[in-house]
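Letter by letter, the chains look like this.
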Amino acid sequence: MIEKHLVLEDADPAVFYGAGNANLQLLKALFPKVRIVARGNVLKIMGEDSETTRFEQAVLRIERFCSQFNSLTEENLVDLVNGQDPHGEKASDVILFGISGRPILPRTENQKKLVKDYNDHDMLLAVGPAGSGKTYTAIALAVRALKNKEVKRIVLCRPAVEAGEKLGFLPGDMREKIDPYLQPLYDALQDMIPGAKLKELMDMGTIQIAPLAFMRGRTLNDAVVILDEAQNTTPQQIKMFLTRMGWNTKMIVTGDLTQIDLPPTQISGLVQALEVLKGIEGVSIIRMTKKDIVRHKLVTRIVEAYDRYDETHKEKERKPYKSKNNEQSIDQN
């Protein structure tokens, strides 16, 4: 009799074992000569050498499948044990499979360009309106790189700038104070990584979420680094961020130039960076439009309505104001 301990490093145990441990019970039925005891992400097995080896090979196939697709049915499990590839959606444009096996893929031409340019460039700047999938696509690319072991960590950051209102003093420790600013990044990650696995990766520091102010002095190697809401950075801040880039690192900067929350007198670092980095080898700039909006159809209409309003407002400002006596014209600009 041989005893071994198999550790599920990449797969979420909840997905691997199945609802009510259905997959685990099926595994025990398929390997009646192997005694299997599961504790968390560790499988303790006992049996003859040939049977335990066959079981170990099956577990490796099943774990890879769970890690890639984030789902496992009993039919999938039987196919994997028999050495067959389960029939799953493997479209070439799928970035990765999210929670419950939902495929995450680019839906528009500019989102596809972001995915393509990620492979060919080390730094990307993606700008566009709300709902155009800039941040979501960027995080999906980062999670894929981590799963494929192309990088060792993901670093996500945002400037801690309030959107038009002062929140005042926030209670709690440092993490509790900054979490409200970083919640959109958590939301995207929770769509792609099971909760228990996400907590483990964050506790280990494999996925780091931090405000921009904490980036000074760091050199980031073997990582995908994403700066979200970059329109709210100052020129000094974005320069500091871009120069954190280390070896085997990809940087993605996202922002919406129509939603700048900086004081009116402050220049946006993203606006400046788009001019400074234009034409630099290794840097790709993707400009998304209203056609890339993939949220509720009303979001597109709202963005279009505000664009029309802004254009009308600017036109009125450009027209000279005439006094009642038509004696003189005063240029409002």
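Further up the page is the structure itself.
Residues numbered from 1 in each chain as written. Predicted model: local features only at pLDDT ≥ 70, side-chain atom pairs only at ≥ 80, totals over all residues. Heavy atoms only, no water.

Points about the packing of aromatic side chains
So, step 1. Overall, the coordinates contain four aromatic pairs when judged by the stated rule.
So, step 2. Aromatic pair Phe16 and Tyr17: ring centres 5.7 Å apart, planes at 85 degrees, arrangement edge-to-face.
So, step 3. Aromatic side chains Phe65 and Phe69 sit 4.5 Å apart centroid to centroid with 35 degrees between the ring planes, which places their arrangement in the tilted category. Here Phe65 and its partner Phe69 are both found in helix α3 (residues 49-69), four residues apart, which amounts to about one turn of the helix. Pair check on accessibility: Phe65 and Phe69 agree, each one buried.
So, step 4. Following the ring pairs from residue to residue traces out a cluster consisting of Phe65, Phe69 and Phe97. (Phe/Tyr/Trp six-rings, centres within 6.5 Å; stacked < 30°, edge-to-face > 60°. Helix = DSSP H or I, 4+ residues; strand = E, 2+ residues; numbered from the N terminus. Buried < 20%, exposed > 50% of the residue type's maximum accessible area, 1.4 Å probe, protein only.)

Quick notes on helix α2 (residues 22-30)
So, step 1. All buried positions along α2 are accounted for by Asn23, Leu24, Leu26 and Leu27. One side of α2 holds all its buried residues, which, seen down the axis, span an arc of 160 degrees. (Arc of directions from axis to C-beta.)

A look at the sheet that holds strand β3 (residues 42-47)
So, step 1. Judged by pairing direction, the sheet is antiparallel, and its three strands sit side by side in the order β1-β3-β2 without closing on themselves. Strand pairing shows two members of the sheet lacking a second neighbour, β1 (2-7) and β2 (35-39), which therefore form its edges. Averaged over all pairs of adjacent strands, the angle between strand axes in this sheet comes to 15 degrees, irrespective of strand direction.
So, step 2. Where β1 and β3 come together, six bridges link them in antiparallel fashion. Following the sheet pairing, Val7 is matched in β3 by Val42.
So, step 3. α3 contacts β1, β2 and β3 of the sheet and is inclined by roughly 5 degrees relative to β1. (Pairing = 2+ DSSP bridges. Axes fitted to C-alpha atoms, helices over the stretch in contact; angles between N-to-C directions. Contact = heavy atoms within 4.5 Å.)

Things to note about the nonpolar core
So, step 1. Residues Ile139, Leu189, Met192 and Ile207 are the most contacted members of the largest nonpolar core, which totals 36 residues.
So, step 2. Of all the elements in the fold, those that place two or more residues in this core are α5 (109-120), β6 (123-127), α6 (134-147), β7 (153-158), α7 (174-192), α8 (195-204), β8 (207-211) and β9 (223-227).
So, step 3. Core analysis: the next-biggest nonpolar cluster, separate from the first, contains 28 residues, Leu6, Val15, Tyr17 and Leu43 among them. (Core = buried A, V, L, I, M, F, W, Y, C linked by side-chain atoms within 4.5 Å.)

Regarding a nonpolar patch on the surface
So, step 1. Taken together, the side chains of Leu257, Ile260 and Val271 present a nonpolar region at the surface, about 200 Å² in accessible area.
So, step 2. Relative to the helices and strands, Val271 resides in helix α10 (residues 269-276). (Patch = residues over 30% accessible without salt bridge, like charges linked within 9 Å, V, L, I, M, F, W, Y side chains within 5 Å. Areas by Shrake-Rupley, 256 points an atom, 1.4 Å probe, with all protein chains shown as cover. Salt bridge = Lys/Arg side-chain N within 4 Å of Asp/Glu carboxyl O.)

Some points on helix α4 (residues 74-81)
So, step 1. All of the buried residues in α4 are Asn76, Leu77, Asp79, Leu80 and Val81.
So, step 2. Looking at the buried residues of α4, the elements they touch are α2 and α3.
So, step 3. One or two positions beyond α4, positive phi appears at Gly83, with a value near 80 degrees.

A short note on the pattern of salt bridges
So, step 1. Counting across every chain of the model gives twelve salt bridges.
So, step 2. Residue Lys112 is joined to Glu109 by a salt bridge in which the shortest nitrogen-to-oxygen separation is 4.0 Å. You can see Lys112 and its partner Glu109 sitting in helix α5, three residues apart, about one turn around the helix.
So, step 3. The class for Glu109 is exposed, based on a relative accessible area of 61%.
So, step 4. It is possible to trace a salt-bridge network through shared partners that takes in Arg158, Asp228 and Glu229.

Describing the packing of α5 against α6
So, step 1. In contact at an axis separation of 10 Å, α5 and α6 are set at 35 degrees when each is read in the N-to-C sense. Crossing geometry of α5 relative to α6 is assigned as right-handed. Taken together, the residues of α6 that come into contact with α5 (itself represented by Gln111, Leu114, Val115, Tyr118 and Asn119) are Lys134, Thr137, Ala138, Leu141, Arg144 and Ala145.
So, step 2. Tallied by class, the residues present in the contact of α5 with α6 amount to six nonpolar, three polar and two charged. (Left-handed = near helix turned anticlockwise from the far one by under 90°. Nonpolar A, V, L, I, M, F, W, Y, C, P; charged D, E, K, R; others polar.)

Digging into the pairing of β6
So, step 1. When you tally the buried positions in β6, you get five out of five residues, the bulk of the element.
So, step 2. The alternating pattern of β6 places Met123, Leu125 and Val127 on one face and Leu124 and Ala126 on the opposite face, and all of these are buried.
So, step 3. Sheet topology note: the β6/strand β10 (residues 249-255) ladder contains five bridges and is parallel. The partner of Leu124 across the bridge, within β10, is Ile252.
So, step 4. As paired elements, β6 and strand β11 (residues 283-287) share five bridges and run parallel to each other. Pairing of Leu125 across the sheet is with Ile285, part of β11.

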